[in-house]
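Residue-level structure breakdown
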Amino acid sequence: MKTLVLANQKGGVGKSALACQLAHYLVCKAKRVLFIDLDHQRNSSRALSLNSKVTVAPFTTTELLEATELPLAPESSFVLVPGDETLSGLERRVELHNGFTNNLQDFLENAADAFDYCLIDTNPNPDIRYAMALVLSQYVLSPIELNQEAIEGIRALLGHARYGLYNIQRRFNPKLRLIGLLPNMVEPTPFQKKNFIALIQEHAKLLISTGPAAHDFASIPTRTAIAEAQAEGAYLGDMKKTSAREALREVRLSFEAVERQMAMEI
Ligand SMILES: Nc1ncnc2c1ncn2[C@@H]1O[C@H](COP(=O)(O)OP(=O)(O)OP(=O)(O)O)[C@@H](O)[C@H]1O
Ligand SMILES: [Mg+2]
């Protein structure tokens, strides 16, 4: 099982929407997907639990973190461990942080044969949940927006003394690989084009290559169909509208590149 965490300290950049669509994309390719929602906002949980393809585990993420042995529903190939409101209080239970991390690690190890991928959606504003997801994952994907503030935020994403990817890699998880930054909600405005060029100039190595040309980098445009899919709990590929099909075609280029990165041996 390959474990991928969607992470960025910034809120509203599309972590949940892309995590849900990526999960569906992988399931459509006959992969078995376990989805863990670490966010008390429950945006992914709400969307996924509306979908009939998804089996909701009989316990929440907090219950998973608190328990030592939890059975999964191995007969299903698309399982959601839903978030819950108490997740936001875990940060204060400092004496239990190691236990939470150990329990999540055991859970992932027990699930490893039953699933091909585990996708973990995280909360913005890093805390123990964000840290343990990064400590226990092999891959991280960071959706970002193309505004100045977000581009400046990349430095914190990587270099933050506690939650920065470099610190987590160095101290806890040398195997953690940044698949890359994935510009999301990209608009064809001069402002965003300028910011994309600046991002490429400064951080080309952190972007996700989609083809042989130097400027072939994964990115996802703003598409109403993506927000609609998320609101309805649907996969773009299952929606009848032409706009959803078109959005899927665009999104698929990025998802294929993410999947290729995860297929490489580490
Ligand atoms: N490419 C896109 N086009 C249009 N709408 C999008 C796109 N990506 C995400 N959205 C919408 O933008 C909103 C914010 O996205 P989402 O909830 O996925 O962000 P997030 O990073 O998970 O936020 P949070 O940090 O609060 O968890 C949602 O309504 C989502 O449906
Ligand atoms: Mg979210």
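Below is a summary of the structure that appears in this document. None of the values given here were measured: they were computed from a predicted structure.

As for the packing of helix α1 (residues 15-28) against helix α9 (residues 224-232)
Orientation of α1 relative to α9, taken along the N-to-C sense of each, is 80°, at an axis distance of 10 Å. As far as their axial angle goes, α9 and α1 are roughly perpendicular. Across the interface between the two elements, S16, A17, C20 and Q21 from α1 touch I226, A229 and Q230 from α9. Among the residues forming the contact of α1 with α9, the class breakdown is four nonpolar, three polar and no charged.

Regarding the sheet that holds strand β5 (residues 117-121)
Pairing is parallel across the open sheet formed by seven strands, whose spatial order is β3-β4-β2-β5-β1-β6-β7. Two strands close off the open sheet at either side, each with one partner strand: β3 (55-56) and β7 (177-183). By the bridge criterion, five bridges tie strand β2 (residues 33-37) to β5 in an arrangement that is parallel. What sits directly across from I36, in β5, is I120. Across the face of the sheet, helix α10 (residues 242-263) comes into contact with β1 (2-6), β5, β6 (139-144) and β7 while running at roughly 175° to β7.

Thoughts on the pattern of salt bridges
Following the criterion strictly, the structure yields nine salt bridges and no others. The partner of D116 in a salt bridge is R32, and the shortest N-O contact between them spans 3.1 Å. Of this pair, D116 sits in the loop between α4 (97-111) and β5 while R32 sits in the loop between α1 and β2, and the two are 84 residues apart along the sequence. Using a relative accessible area of 31% as the deciding quantity, one classes R32 as partly exposed. In this structure, the salt-bridge partner of E66 is R93, at a minimum N-O distance of 2.9 Å. Of this pair, E66 sits in helix α3 (residues 61-66) while R93 sits in the loop between β4 (78-81) and α4; the two residues are 27 residues apart in sequence, bridging distant segments of the chain.

Digging into the nonpolar core
The biggest cluster of nonpolar side chains holds 47 residues, and the ones touching the most others in it are L34, I36, L65, L134 and L199. The greatest single-element share of this core, amounting to seven residues, is contributed by helix α5 (residues 128-136). Non-local contacts of L34, meaning those with residues more than four positions away in its chain, are made with M1, L72, V79, V81, F107, A111, F115, Y117, C118 and L119. Counting residues in hydrophobic clusters, the runner-up holds 42 residues, among them L26, L119, L141 and M239.

Focus: the side chain of N167
Within the fold, N167 resides in helix α7 (residues 165-171). Residue N167 is classed as buried on the basis of its relative accessible area, which comes to 5%. Separated by 2.9 Å, the side chain of N167 and the backbone oxygen of R162 make a polar contact. Residue contacts for N167: discarding those within four places in its chain leaves L158, H160, A161, R162 and F172.

Looking at the environment of L253
Tracing the backbone shows L253 in helix α10. Residue L253 is classed as exposed on the basis of its relative accessible area of 52%. Taking C-alpha positions, L253 is 9.5 Å from F217, a pair spaced 36 residues apart along the chain.

Quick notes on the site of ligand 1
In the vicinity of ligand 1 lie 20 residues, with G12, K15, S16, A17 and N184 positioned nearest. Within the backbone of G14, one N or O atom sits 3.0 Å away from an oxygen atom of ligand 1. Contact distances for ligand 1 include 2.8 Å between an oxygen atom and a backbone N or O atom of A17. Taking 630 Å² as the accessible area of ligand 1 by itself, protein coverage stands at 82%. Taken together, the residues of the shell around ligand 1 break down into eight nonpolar, eight polar and four charged.

Brief notes about the packing of aromatic side chains
One pass over the full model with this rule turns up three aromatic pairs. Judged by centre distance (6.1 Å) and plane angle (85°), the rings of Y130 and Y163 are edge-to-face. Separated by 33 residues along the polypeptide, Y130 in helix α5 and Y163 in the loop between α6 (148-159) and α7 bring together distant segments of the chain. One exposure class covers both Y130 and Y163, and it is buried.

Topic: the pairing of β6
Each regular strand shows side chains that alternate between the opposite faces of the sheet. With six of six residues buried, β6 is to be regarded as a mostly interior element. Burial of β6 is two-sided: the residues Y139, L141 and P143 facing one way and the residues V140, S142 and I144 facing the other way are all buried. Direction of pairing for β1 relative to β6: parallel, over a ladder of three bridges. Bridge pairing links L6 to L141 in β6. Bridge count for β6 against β7 is six bridges, and the pairing is parallel. Within the sheet, the bridge partner assigned to Y139 lies in β7 and is R177.

About the cut-offs
- Residues numbered from 1 in each chain as written.
- Chains lettered and ligands numbered in written order.
- Predicted model: local features only at pLDDT ≥ 70, side-chain atom pairs only at ≥ 80, totals over all residues.
- Heavy atoms only, no water.
- Axes fitted to C-alpha atoms, helices over the stretch in contact; angles between N-to-C directions.
- Helix = DSSP H or I, 4+ residues; strand = E, 2+ residues; numbered from the N terminus.
- Parallel < 35°, antiparallel > 145°, perpendicular 65-115°, else oblique.
- Contact = heavy atoms within 4.5 Å.
- Nonpolar A, V, L, I, M, F, W, Y, C, P; charged D, E, K, R; others polar.
- Pairing = 2+ DSSP bridges.
- Salt bridge = Lys/Arg side-chain N within 4 Å of Asp/Glu carboxyl O.
- Buried < 20%, exposed > 50% of the residue type's maximum accessible area, 1.4 Å probe, protein only.
- Core = buried A, V, L, I, M, F, W, Y, C linked by side-chain atoms within 4.5 Å.
- Polar contact = N/O pair within 3.5 Å; in protein donor to acceptor, adjacent residues only side chain to side chain.
- Near = heavy atom within 4 Å.
- Areas by Shrake-Rupley, 256 points an atom, 1.4 Å probe, with all protein chains shown as cover.
- Phe/Tyr/Trp six-rings, centres within 6.5 Å; stacked < 30°, edge-to-face > 60°.

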